[in-house]
Structures are given as structure tokens and as C-alpha cells.
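Okay, here's what each chain looks like letter by letter:
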Amino acid sequence: MTNCTTLHSVLKNLVGLWVLFYLTLCISPSFAQQTKRVREIKGRITIARSDDDVARPLSVDRYSTHRMPRTGSQSNRSASSTYKLSEKAVIYLESETLKGQKASPPASHPLLDQKDLTFHPQVLPILAGTTVDFPNRDNLFHNVFSYSQPREFDLGRYPTGESRSVRFDRPGVVRVYCDIHAQMNATILVLDNPYFAAPDDEGNYSIKNVPEGVHTIRFWYGREVVESRTVTVRSGDAATVNFTH
Amino acid sequence: MKKGLSILAVTSVLLTYTNAQVRLSGQAAAYGVKSDRSSAPRVVNKGKPTFGWRFDLFLDGRVTDNVVALANVRVFEDEEIYIDYLAIRITDIAGPALNFQIGKFDMPFGNLDERRFPVKNFLFGLPLIYEYRMSMPNQVITRADLLNNRGRGIGMRLIDLGIYDIGAMVFGDVGRLHYAAAVSNGTISATSNRQMNNNNDFNKIVRLAYTPMMGLTIGGAGAIGAYLVDSGIPLPRNKAIGDYLQKIGEVDIEFSRDRFLLNGEAVYSEWKVPLEDEDANLSVIGYYGEAKYTWFPRFYTAARVSGLRFSQLYFDGVKRRWDYDMFEIEAGIGYFLDRNTLVKLVRRETCTLGGTDPHDDLTAIQFAVAF
């Protein structure tokens, strides 16, 4: 009898502890996310017509041809690189549900490279609070700056091999330019949730661990959003959203 | 105006016809200026508060990867529209070491470059060496007239408004060394614009620039050519126009690091001048140095000092400078309303040495837009 009472008491305590443990887990945000996990929005981006040739800016350095050496054959060339799809497209989600989501920015710093008189990538999606590095990999000075409201900065001029960093705390669109080379431009998309992805070079993308709900999915291409849709995410479903531009 | 527009129209049609990649861009600037009240030549509208504007249109067309056509049309207020730049450039003929350009363009002398345009000019005006008209014209002049012209602003500029001239140039890069060699119709002080220099002698220009490290470029240029206008009137002592040359040399520096920019240039020029009783060598030293610092995004301060110092010549047995030496300070602040819109507030103080010091200081506010 005594043993039975003791066993009963232990079981009661164990059940109580388990309930307490479960309740604690339930109110923790990460668990809440996991229990709602669905979880993937995936799809494919198809670019029907490359606009590289159309959009490629003509930049002729007419006034410094007799001032200083060029780096290679750049004088008459535009921003020479043609961007890969992975460098100029971003898929991201927006909704009221996602606004409240807390997420930690990554410890590692994403890069916005300066190479061949071009920023790489053309569009860089980051989570608010992320610090971006701007390494100069050209054999000449650049002067990276932005006058966009979410984050104004002017990094000044620095040589090959050096890098400067900027932390972006406010969500929004940050247009980045070079003060010396007018044709250089890029966009940093500072997002308020971690549900975004850049496609691979074949156009495939995937956003995992998306919370349930109705979200707006946006397709950013080059300098702007080119298409937005509504997507409903339910538990257990994997939504497929394809874009053609 | 019709001629300018016609040339631009023809260029546009040609570029379109050849299926060239064409880009139209430009700059516009509007300003309010208040200078001192005096009769000095650089006083604006007799010292009355005045508004003004200028407009630059750039038309660039790439015919192939190695061939581009370049044009720059400029209008100053109600002045006639004119073409500063109309050239064909062929690049990479033998890699970056050999390129060729022909037409009307800025000669390879000095490092003014894009700072001649309002959005890239940290301040309002140009340095004295580009802007001030000396007492000496590019015509035959007497000793007395040269003396009387001092401070009147009716002669040549030391560097004629950025030296756009008609000619041909080869240029290129070998490692950190840059070279350019050009011939042009006019000289550095007397370009062929508007028939200002119509003699049949070509000006010869050579330039070298070296970049020892990123952010620092040191350059130098020299030019020689006949500068007198060919009016058909015989020159004194039966000499030819080709006997009267302008010889000019300059060194320049460009340095930048972080948010600091520095540019400077020093020029020495000598003219052989046919005075009524003898040939004289007149010379001038000109210089400027300008700096800009960006304190935080959008906002900068800039300052420039520039000066001219003239050689001496005998007038009635007394040695005098053939024009008044000048020293000028220009300082200002600039604020970018957006990437392509700049507003500047500038104050310029000019000191004319050795003569009457006319009041020609000025204050200006300028809005400049690039598009």
C-alpha cells in the first residue's frame, strides 16, 4: 500500500512536470513555429526575355581618358557583367502574421562585392539587423553610398582588398551607388522577416518553415517588384508558386 | 543655334541608323548670384541680384564595343547653343595601350575633367586659370594697349574654358602610366572655337600621368603652338604667325582617400608677343588647389585657392606686370537632396594685387541636377 501510494505520487509528479514542460514549450516562439510548420513554398522563376542587353547602361568615361590609367578595357564599356538570375532575383513574403515574427540576424555578414565596376549581387535580401560587408575587389577606388531612408551611409574611398561594413536595422529598400562610377547600382532589400530566398541560376527557389496563414509573396527582379501574389499556407501543405517574367 | 541643333540631329539620326546603343543624359543648373557692385569684368549683372541657368546635354552612342560617338551640347542662359564635344573614339586598337579619338573634345591638358560640370564641381565657378581673361588678346597689340587692358577682362584665358578644341588624339595606358598626344587647331589659351584661332599651325600637346598608388595620380602636360589669329594684316618686322608661339606646361595632382578629395594644378605659360618695337616674351604662372570633405552622407564642405602671377615688362622705362596678379578663395557647402540633385552655397573672395582692387566678390546658391 505504501509502495503503491508512493508510486502514485511519483507518477502524479511526473505527469505534472510533463504538463509544465509541455506548457513551457508551447508558449516558446520557436516551438510555436515548429508546431505550425508546413512548410515550404517553392517554385520556379522563368525569365522569358533577357533584358540584359536592353537595360545595360551605356557608360562612356569621356572626361578621364587622359587623366589616369584605366583598369583593363573599361573605358567604353558598360557595367560589364551580366547578372546571373541568382544575383538579380529575390522571392520574399510579407504579411501581418510575419511582421511579429522575431528572428535573429545571421552572425556572418553577407557581401555586396564591387568587382568589374559592378556590384554583386544586383539585389541583396537581408533580415533587418544584418551587417553587410562591402569589399572592393577592383583595381581602383569605389565610393559606395546610399541616400535611402532606411539607411543613409557614405563609405568613402578605399582601395582593393579593403572592406567596409554597414548594419541595416530598418526594413525597406536601400539603393546603393558608387559616387565615382555612375553606372554602378545595387539594391539591398532589408526585410522584417526571414522568409525570403534567392533562386538558383536555373530559377528554382524554396522558402522553408513558413508559418501558416495568408501571405503576400513578392517577386523582385532587378530594380523592382515585378509580381506579387497571395499564397495561403496550411499545415502539411507545400505550396508551389511559379513566376514568369 | 540652328547649326548646333542640326549637328546634334544628324548625329542622332546616324547613331540610330547604325543601330547604335544610344544614351541621352545631361545636367541642368540654376543659380542665384549676388556680386559686389563695380565695373570689374567678373562682376555679374553690375552687382544686382541675378538668377541664371545652364544646360548640358550628353549624347553618347556606341556603334560597336570599340567605337563610340560622343556629343555634348551646352547652353548658357540666352546665349547661343553650342557644341563642346563631338568626337568619335576608337578604343583598344592594341589593347588599352592604344586608343584614338578625333573631333572636338577636351584636350589632354590638366585634370579638370568632370568638375567643369555643376554636379561634379564642388563649388560655383572654375579656378582663375580657366576663367579669368588676361589683358593679352591673341592679336597684335601695342605695349600701351596691353597696359590699358589690365584688369579689363578682354583677352585670352590661360586655359580656355576647359580647352575644348578640334583635333585628334592617341592615348592609352601602360601599367600605371597613362599617355596622351594630340594635335589641335587652336592652342591652350586660344582654341579654335568661334574662329578665335584660325591660323594654319597645329597645336601639339603631350601628356603623361602616373598613378603610383590607388587614389593618387600625378600628371604633367606640355603644349606648343601658334596662338595669333590670322587677320591678314602683316605682322611687325615681316614675321610669320608661326614665329609667335605659346609654350605652356603644367603639373597636376589628384588625391583621394575615404571622404577627402584633393585636386591641384600649376601652369606656366609663355607667349612670344609681337609688340610694336620688339618681340617680347610674356609669361604667367597660374595655380589652384581645391579640397572637399564629406562630413556625413549628403553634406560636404569644399574650398579652393587659385591665383595668377604675371611677368614684368618695361612700360615707359618702368618695369610693370603685364596684368594684375590675382588671388582668389572660394569656399562653400553642398548638400545632395538626392543622388542627382545638389544644392550649393558658395562665397568667392577675389583679391587683385598690384593695381586697383575691384570689388568683385560674390555669393551664389546653385541647384544642379543630373539626369
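Everything discussed here concerns the structure shown above.
Bear in mind the structure is a predicted one, so any value in this text is a computation, not a measurement.

K.L.:
It is not clear to me how the overall build of chain A should be interpreted in this structure. Could you clarify?
P.N.:
Within chain A, the regular secondary structure consists of 5 helices and 17 strands. Relative to its full complement of 245 residues, chain A shows a buried share of 46%. Within chain A, contacts between residues at least 6 apart in sequence are counted, and of these 64% link residues at least 24 apart. Here chain A has roughly 12100 Å² of accessible surface; of this, 52% comes from carbon and sulfur atoms.

K.L.:
Honestly, the interface of chain B and chain A in this entry has me stumped. Any pointers?
P.N.:
Facing 57 residues of chain B, the contacting portion of chain A comprises 41 residues. Interface area, chain B with chain A, both sides summed: about 4100 Å², of which 48% is carbon and sulfur. Considering only the surface of chain B that becomes buried against chain A, Met214, Arg298 and Arg339 of chain B emerge as the three largest contributors, covering 19% of it. For the interface between chain B and chain A, the tally reads 3 salt bridges. Put simply, Glu162 of chain A and Arg257 of chain B hold a salt bridge, and the shortest N to O gap is 2.9 Å. No other element matches strand β2 (residues 50-64) of chain B, which puts 5 residues into the side of chain B that touches chain A. Residue composition of the side of chain B that touches chain A, grouped by class: 21 nonpolar, 14 polar and 22 charged.

K.L.:
So what exactly am I meant to see when it comes to a nonpolar patch on the surface here?
P.N.:
The grouping of Tyr268, Ile285, Tyr287, Val305, Phe327, Ile329 and Leu353 of chain B at the surface amounts to a nonpolar patch, some 560 Å² of accessible area in total. Here Leu353 of chain B shows up in strand β18 (residues 341-353).

K.L.:
Explain the sheet that holds strand β8 (residues 153-158) of chain A here, please?
P.N.:
Strand pairing in a sheet takes place through backbone hydrogen bonds and is either antiparallel or parallel in direction. Residues and elements named next belong to chain A. Taking strand neighbours across the sheet as the criterion, the 5 strands line up as β5-β11-β10-β7-β8 in an open arrangement whose pairing is mixed. Of all the strands in the sheet, the pair left with one neighbour each is β5 (123-127) and β8. Taking each pair of neighbouring strands and ignoring which way they run, the sheet shows an average axis angle of 20 degrees.

What counts and what doesn't
- Residues numbered from 1 in each chain as written.
- Chains lettered and ligands numbered in written order.
- Predicted model: local features only at pLDDT ≥ 70, side-chain atom pairs only at ≥ 80, totals over all residues.
- Heavy atoms only, no water.
- Helix = DSSP H or I, 4+ residues; strand = E, 2+ residues; numbered from the N terminus.
- Buried < 20%, exposed > 50% of the residue type's maximum accessible area, 1.4 Å probe, protein only.
- Contact = heavy atoms within 4.5 Å.
- Areas by Shrake-Rupley, 256 points an atom, 1.4 Å probe, with all protein chains shown as cover.
- Buried area = accessible area lost by both parts, 1.4 Å probe.
- Salt bridge = Lys/Arg side-chain N within 4 Å of Asp/Glu carboxyl O.
- Nonpolar A, V, L, I, M, F, W, Y, C, P; charged D, E, K, R; others polar.
- Patch = residues over 30% accessible without salt bridge, like charges linked within 9 Å, V, L, I, M, F, W, Y side chains within 5 Å.
- Pairing = 2+ DSSP bridges.
- Axes fitted to C-alpha atoms, helices over the stretch in contact; angles between N-to-C directions.

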